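Structural overview for review
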Amino acid sequence: MGDSAAQSIALAREGDQQAFRRLVDDHARSLFQLCFRITRDAALAEDAVQEALYNAWRALGEFDGRAAFSTWLYRIAANAALEQLRRNARHRYELTEALSDEDAEADFLAGLADDAPGPEAQASGSQIGDRIGQHMGRLSPAERAAFVMRHCEGERLESIAAALSMSTGQCKQAIFRAVRKLRGALETLR
Amino acid sequence: MSNISDNDLILFHYHDGLPSERLREIEQALATSPALAARYRTLRRLLAGVDCDLPPQPDTQFENRLWTRLHPRLNAPIAAAPLPRLASRHGARPRRRLWAVGLASGAGLAAAVLAVALYFPVAHIDAPLQPAPAQRAAAQGPMADRVLAVYVATHLRKTEGLLLSVVNSDSTTLMPADEAFVRALADDNRLYASAAAKRGDKVLAGFLKTLDPVLIELANQQRVGNIPPDQGLRDFVRDSDLLFQVRAVEARLQARRTASAQTGGAMT
């Protein structure tokens, strides 16, 4: 974290709103990307970023610097994104899925394994991105949030579990289910 | 050796959630079991595809719009409703000494990234060679990210070209490229991985580290060019998803660069 960012955090903690504005400008887009990956809805993502930044402003006194500021913000944003899904009636039914620690699914990678370069090696990035995007929309919010934080943000499982109020076992299962559901994106390309 | 499930491979991929001895066990099994290696390649292809699922970019007024809605709320009285649960300890007094140490240790990270930008001669943007003016100091973080994204994207384009030349070459020598060029790519790769790690981009740093052994091996192949080429290495580059991953990450960096460029005018 550069000196200017550290100064902005210090000033914002003292109530300097212009300093907080600088932090908003620094992080808003990356927060939007995270929130979009969880909500799969641009409007909800923007609302989630709005709420996340407001919550961050109110909780600045609790930021103790042990984690990177961006990491701290992302945890707040992930919860804000899930909260937007709870509030939104269209998505509310997705949140009733019970989280389980137990793995009830069989292995699936062998069914897809092929030593020859797959067609996805020839497909354009945007084609593959579209396929993956469709399948990401079929994950539950908890699965998407856990998977996105692990794969896209590089967060450790224990941190993700703490941020999303689940056990580490539930976090693992959410990620396993996410990967399993995403395999359909490769299957449609074969 | 106990059975290795798909879930084990997922945790192995992220090096998270498994004890060290289990990670070693899986690594050894991957080296000796073609079937397991094929399953892991499939997993890597799948996860590389996720990097192609790029979120839409907000419009140029995004930050201004956020602030317009947010600013009045900052001054409003706080409602009685409890704060949402946060990752940090609720209600803990800030550990100012630890916080100050944390911030102090982060000093110079932006300088490290800019040092990368100034050192390497490839220049596709007008990177400032003078220290940023004080009023634009707040832009140094995103600017450093943009610089890093530009240079790493260029580096990955060169790497892609090198890998393609290896795959497409029918000559008896593995490497049609100049040794100095390949060595420079290998050196650059390590430096960019380090810069990405310092910027907190663990995903990019991890990906670049996976390229290290391939680039080093290719550079070493060139050095011992009189010895018959390593067909295994050529087959690995041909049959693995490495090219695909390089393209996917390059696409992601280009998108990040575009997003950062759009926010440049929104900074106040």
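Residues numbered from 1 in each chain as written. Chains lettered and ligands numbered in written order. Predicted model: local features only at pLDDT ≥ 70, side-chain atom pairs only at ≥ 80, totals over all residues. Heavy atoms only, no water.

1. Describing the overall build of chain A
If you tally the helices and strands in chain A, you get 10 helices and zero strands. Tracing chain A from N to C terminus, the helices and strands come up as α-α-α-α-α-α-α-α-α-α. A total of 190 residues make up chain A; the buried ones form 59% of that total. For chain A, the share of sequence-separated contacts (at least 6 apart) that also reach a separation of at least 24 residues comes to 69%. When the accessible surface of chain A is summed, it comes to about 7,300 Å², and 45% of that surface belongs to carbon and sulfur atoms. (Helix = DSSP H or I, 4+ residues; strand = E, 2+ residues; numbered from the N terminus. Buried < 20%, exposed > 50% of the residue type's maximum accessible area, 1.4 Å probe, protein only. Contact = heavy atoms within 4.5 Å. Areas by Shrake-Rupley, 256 points an atom, 1.4 Å probe, with all protein chains shown as cover.)

2. Let's talk about the overall build of chain B
The number of helices and strands found in chain B is 11 helices and zero strands. Reading the secondary structure of chain B in the N-to-C direction produces α-α-α-α-α-α-α-α-α-α-α. Residue pairs at least 24 apart in sequence account for 74% of intrachain contacts in chain B once pairs closer than 6 positions are excluded.

3. Some remarks on the packing of helix H2 (residues 17-39) of chain A against helix H8 (residues 141-151) of chain A
Residues and elements named next belong to chain A. It is at 8 Å that the axes of H2 and H8 come closest, and there the two elements cross at 145°. Between H2 and H8, the contacting residues are Leu 34, Arg 37, Ile 38 and Thr 39 on the first element and Pro 141, Arg 144, Ala 145, Val 148 and Met 149 on the second. Considered class by class, the residues forming the contact of H2 with H8 number six nonpolar, one polar and two charged. (Axes fitted to C-alpha atoms, helices over the stretch in contact; angles between N-to-C directions. Nonpolar A, V, L, I, M, F, W, Y, C, P; charged D, E, K, R; others polar.)

4. Thoughts on the packing of helix H3 (residues 42-59) of chain A against helix H4 (residues 69-87) of chain A
The angle between the axes and the distance between the axes are what describe a pair of packed helices. All names here are of chain A. It is the contact of H3 with H4, at a shortest axis distance of 8 Å, that shows an interaxial angle of 130°. The angle between H3 and H4 places the two elements in the oblique class. In the crossing of H3 with H4, the sense of the turn from one axis to the other is right-handed. On the side of H3, the interface is formed by Leu 44, Asp 47, Ala 48, Glu 51, Ala 52, Asn 55, Ala 56 and Ala 59, while H4 contributes Trp 72, Leu 73, Ile 76, Ala 77, Ala 80, Ala 81, Gln 84, Leu 85 and Arg 87. (Parallel < 35°, antiparallel > 145°, perpendicular 65-115°, else oblique. Left-handed = near helix turned anticlockwise from the far one by under 90°.)

5. Regarding unusual backbone geometry
In terms of backbone geometry, most residues other than glycine have negative phi values and most peptide bonds are trans. Residues and elements named next belong to chain A. A positive phi is found at Arg 40, a non-glycine position, where the angle reads about 60°. Positionally, Arg 40 belongs in the loop between H2 and H3. Arg 40 gets classed as partly exposed once you look at its relative accessible area, which sits at 21%. In the Ramachandran plot, Ser 165 falls in the positive-phi region, its phi being about 55° despite a non-glycine side chain. Within the secondary structure layout, Ser 165 lies in the loop between helix H9 (157-163) and helix H10 (168-187).

6. So, H2 of chain A
All names here are of chain A. With 23 residues, H2 extends only 28 Å from end C-alpha to end C-alpha; this falls clearly short of the ideal 33 Å at 1.5 Å per step. Taking the largest bend as the criterion, H2 deviates by roughly 45°, centred on His 27. When you tally the buried positions in H2, you get 18 out of 23 residues, the bulk of the element. Among the residues of H2, the N-terminal cap falls to Asp 16, whose side-chain oxygen and the backbone nitrogen of Gln 18 are separated by 3.0 Å. Taken from the residues just after H2, Arg 40 is the one with a positive phi, measuring 60°. (Expected span 1.5 Å × (residues − 1). Bend = angle between axes of the 7 residues up to and from the residue. Polar contact = N/O pair within 3.5 Å; in protein donor to acceptor, adjacent residues only side chain to side chain.)

7. Observations concerning the confidence of the model for chain B
All names here are of chain B. For chain B, mean pLDDT is 71; residues scoring 70 or higher make up 59% of the total. Low pLDDT (under 50) marks residues 81-114, which in the prediction has 52 contacts with non-local residues, meaning those over four places away or in another chain. Every residue in residues 117-139 is under pLDDT 50, and counting partners more than four places away or in other chains gives 26 contacts. Interface scoring of the predicted complex returns ipTM 0.85; its pTM is 0.60. (pLDDT = per-residue confidence, 0-100.)

8. Section: the nonpolar core
Phe 20, Trp 72, Phe 147, Leu 164 and Val 179 of chain A together with Leu 9 of chain B are the most contacted members of the largest nonpolar core, which totals 90 residues. If sequence neighbours within four positions are ignored, Phe 147 of chain A has contacts with Met 136, Cys 152, Ile 175, Ala 178, Val 179 and Leu 182 of chain A together with Tyr 14, Leu 47 and Val 50 of chain B. The next biggest cluster of nonpolar side chains, apart from the first, holds 34 residues, and it includes Val 147, Val 152, Leu 185 and Val 214 of chain B. (Core = buried A, V, L, I, M, F, W, Y, C linked by side-chain atoms within 4.5 Å.)

9. Things to note about the pattern of salt bridges
Summed over the entire model, instances satisfying the criterion amount to 20 salt bridges over all chains. Between Lys 181 of chain A and Glu 143 of chain A there is a salt bridge, with its nearest N and O atoms 2.8 Å apart. On the criterion of sequence distance, the pair formed by Lys 181 of chain A in helix H10 and Glu 143 of chain A in helix H8 is long-range, its members being 38 residues apart. Among the residues examined, Lys 181 of chain A registers a relative accessible area of 33% and is labelled partly exposed. For Glu 25 of chain B, the salt bridge identified is with Arg 22 of chain B, shortest N-O distance 2.5 Å. Of this pair, Glu 25 of chain B and Arg 22 of chain B both sit in helix H2 (residues 20-32), three residues apart, roughly one helical turn. Glu 25 of chain B gets classed as partly exposed once you look at its relative accessible area, which sits at 22%. (Salt bridge = Lys/Arg side-chain N within 4 Å of Asp/Glu carboxyl O.)

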